[in-house]
Amino acid sequence: MTGEPDTRVPHDEPAERTALAWQRTALGVALGCAVLALAALRQGDPTLAVVGVLLGATTVTGAVRARKGRWPRPDRRPWGMLAPGAGAVVLLAALGLAASVLGALR
Amino acid sequence: MSGRDEPDARRPRSVYGVGSDPDVRYSLANERTALAWLRTGLGLVAGGIALTSFASFADLSVLLDVVAAVACVGGGCLAAYALVAWRRNERAMRLGRPLPPPSALPVIVVGIVAFAALVGAYAIWSGSTR
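Chain B is annotated in an unreviewed UniProt entry as DUF202 domain-containing protein of Luteimicrobium xylanilyticum. Its UniProt record, at the heading Subcellular location (unreviewed entry), says of chain B: "Endomembrane system".

As annotated in an unreviewed UniProt entry, chain A carries the name DUF202 domain-containing protein and is attributed to Luteimicrobium xylanilyticum. According to the UniProt record, the Subcellular location (unreviewed entry) comment for chain A is "Endomembrane system".

Right under this line is the structure:
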């Protein structure tokens, strides 16, 4: 029962878990983009690979900026992060669909 | 409604224009749930991309590319669902209503079972034609 008293505000821990969830998601998008870029290069489609790399870089940049600027704040605006995050996954899905169609046509 | 002096300008208005702010821990939990759905969709998309990549790598059947395309579309739909579910849950919490059920859960279970059946059927078929 010795040691420093807990000086954290009660919402620190949930905010930290949420920040970690965001980091996992951003990392997942970045990895997905890397897999897409490799698959596109393998299929001989550099344009798709470049778009994938750009999407991954944008996601990582956005996650780092959000980490610096938004946590923890009482008036957080999750929609401003959720909508672009979902948009990135939808865009990655569209690129994956394009890679699948190109693969089927070859 | 939000307990601050200045007017609440947060978006979307369909969420923040109604009710009052719930305990921030519940809002954060709702956000994490939406992120978990997003990652589930992301897993499907990544699986689809990996599958099409593997199919081209090992010169496998076009059927695998079709399965990969379906996985990518499903993943994209789940990402969109994450937004819809977040909005629905946040709105229910602000209005003090019971949370709506996760309507995508049965769909994703059926989808994954169908996906597994398709890939399994392909494995049996390709094994028997060897």
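Chemist: Would you take a moment to explain the overall build of chain B for this structure?
Modeler: Helix and strand counts for chain B come out as four helices and zero strands. Put simply, chain B runs from its N terminus to its C terminus through helices and strands in the order α-α-α-α. Against the compact-globule benchmark of 14 Å for 130 residues, chain B has a radius of gyration of 20 Å, which places it well outside the compact range. Each of the three principal axes of chain B carries a C-alpha extent, and together these read 70 × 25 × 20 Å. Residue pairs at least 24 apart in sequence account for 65% of intrachain contacts in chain B once pairs closer than 6 positions are excluded. Within the structure as shown, chain B displays about 6900 Å² of accessible surface, and the carbon and sulfur contribution to it stands at 69%.

Chemist: Looking at this structure, I do not really get the confidence of the model for chain A. What am I missing?
Modeler: Interpretation of the predicted coordinates at a detailed level should be avoided for regions scoring low in pLDDT. Looking at chain A as a whole, its pLDDT mean stands at 84, while 81% of the residues score no less than 70. Within chain A, no element has a lower average pLDDT than helix α2 (residues 46-69) of chain A, which sits at 86, and none a higher one than helix α3 (residues 79-105) of chain A, at 93.

Chemist: I tried to follow the nonpolar core on my own but got confused; where do I start?
Modeler: Side chains that are nonpolar tend, in soluble globular proteins, to be buried together. The biggest cluster of nonpolar side chains holds 40 residues, and the ones touching the most others in it are Leu82(A), Leu92(A), Trp37(B), Leu38(B) and Ile49(B). When residues of this core are traced back to their parent elements, those giving at least two are α1 (12-42), α2 and α3 of chain A together with α1 (13-16), α2 (24-57), α3 (62-95) and α4 (104-128) of chain B. No other element matches the nine residues that α3(A) contributes to this core. Once residues lying within four places of it in the same chain are set aside, the contact partners of Ile49(B) are Gly32(A), Val35(A), Leu36(A), Ala39(A), Leu92(A), Gly96(A) and Cys72(B). Grouped together as the second largest cluster of nonpolar side chains are six residues, Leu51(B), Ala55(B), Val67(B) and Ala68(B) included.

Chemist: Whenever I open this one, the UniProt feature "transmembrane region" (unreviewed entry) in chain A confuses me. Can you help?
Modeler: Residues and elements named next belong to chain A. According to UniProt, the positions carrying the feature "transmembrane region" (unreviewed entry) are residues 20-41, 48-66 and 86-105. Between the end C-alpha atoms of residues 20-41 there is a gap of 31 Å, over a span that is 100% helix and 0% strand. Secondary structure within residues 48-66 divides into 100% helix and 0% strand; the distance between the first and last C-alpha atoms comes to 27 Å.

Chemist: What exactly am I supposed to notice about the packing of α3(B) against α4(B) here?
Modeler: Two numbers describe a pair of packed helices, the interaxial angle and the distance between the axes. Residue and element names in this part refer to chain B. Running from amino to carboxyl end, α3 crosses α4 at an angle of 170 degrees, the nearest separation of the two axes being 11 Å. One way to sum up the angle between α3 and α4 is to call them roughly antiparallel. Along the contact surface, α3 presents Leu63, Leu64, Val67, Ala71, Leu78 and Tyr81, while α4 presents Ala104, Ile108, Phe115, Leu118, Val119 and Tyr122. Its residues assigned to classes, the contact of α3 with α4 shows twelve nonpolar, no polar and no charged.

Chemist: Would you mind going over the UniProt feature "domain: DUF202" (unreviewed entry) in chain B with me for this structure?
Modeler: In the numbering used here, UniProt assigns the feature "domain: DUF202" (unreviewed entry) to residues 27-92 of chain B. Across residues 27-92 of chain B, helical content stands at 94% and strand content at 0%; the span's end C-alpha atoms are separated by 11 Å.

Chemist: Help me out: how do you make sense of the packing of α3(A) against α2(B) in this one?
Modeler: Packing of α3(A) against α2(B) brings their axes to within 9 Å, and their N-to-C directions diverge by 15 degrees. One finds that α3(A) runs roughly parallel with respect to α2(B). The crossing of α3(A) and α2(B) is left-handed. Residue-level inspection shows Leu82(A), Gly85(A), Ala86(A), Val89(A), Leu92(A), Ala93(A), Gly96(A), Ala99(A) and Ser100(A) of α3(A) in contact with α2(B), the latter providing Ala34(B), Leu35(B), Leu38(B), Gly41(B), Leu42(B), Val45(B), Ile49(B) and Thr52(B).

Chemist: How should I be thinking about the UniProt feature "domain: DUF202" (unreviewed entry) in chain A in this particular structure?
Modeler: Listed under "domain: DUF202" (unreviewed entry) in the UniProt record, and renumbered for this structure, are residues 15-64 of chain A. The span residues 15-64 of chain A is 94% helix and 0% strand, and its two end C-alpha atoms sit 16 Å from each other.

What counts, and where the lines are drawn
- Residues numbered from 1 in each chain as written.
- Chains lettered and ligands numbered in written order.
- Predicted model: local features only at pLDDT ≥ 70, side-chain atom pairs only at ≥ 80, totals over all residues.
- Heavy atoms only, no water.
- UniProt positions renumbered as here; feature names shortened; annotations may be inferred.
- Helix = DSSP H or I, 4+ residues; strand = E, 2+ residues; numbered from the N terminus.
- Rg over C-alpha atoms; globule rule 2.2 N^0.38 Å.
- Contact = heavy atoms within 4.5 Å.
- Areas by Shrake-Rupley, 256 points an atom, 1.4 Å probe, with all protein chains shown as cover.
- pLDDT = per-residue confidence, 0-100.
- Core = buried A, V, L, I, M, F, W, Y, C linked by side-chain atoms within 4.5 Å.
- Buried < 20%, exposed > 50% of the residue type's maximum accessible area, 1.4 Å probe, protein only.
- Axes fitted to C-alpha atoms, helices over the stretch in contact; angles between N-to-C directions.
- Parallel < 35°, antiparallel > 145°, perpendicular 65-115°, else oblique.
- Nonpolar A, V, L, I, M, F, W, Y, C, P; charged D, E, K, R; others polar.
- Left-handed = near helix turned anticlockwise from the far one by under 90°.

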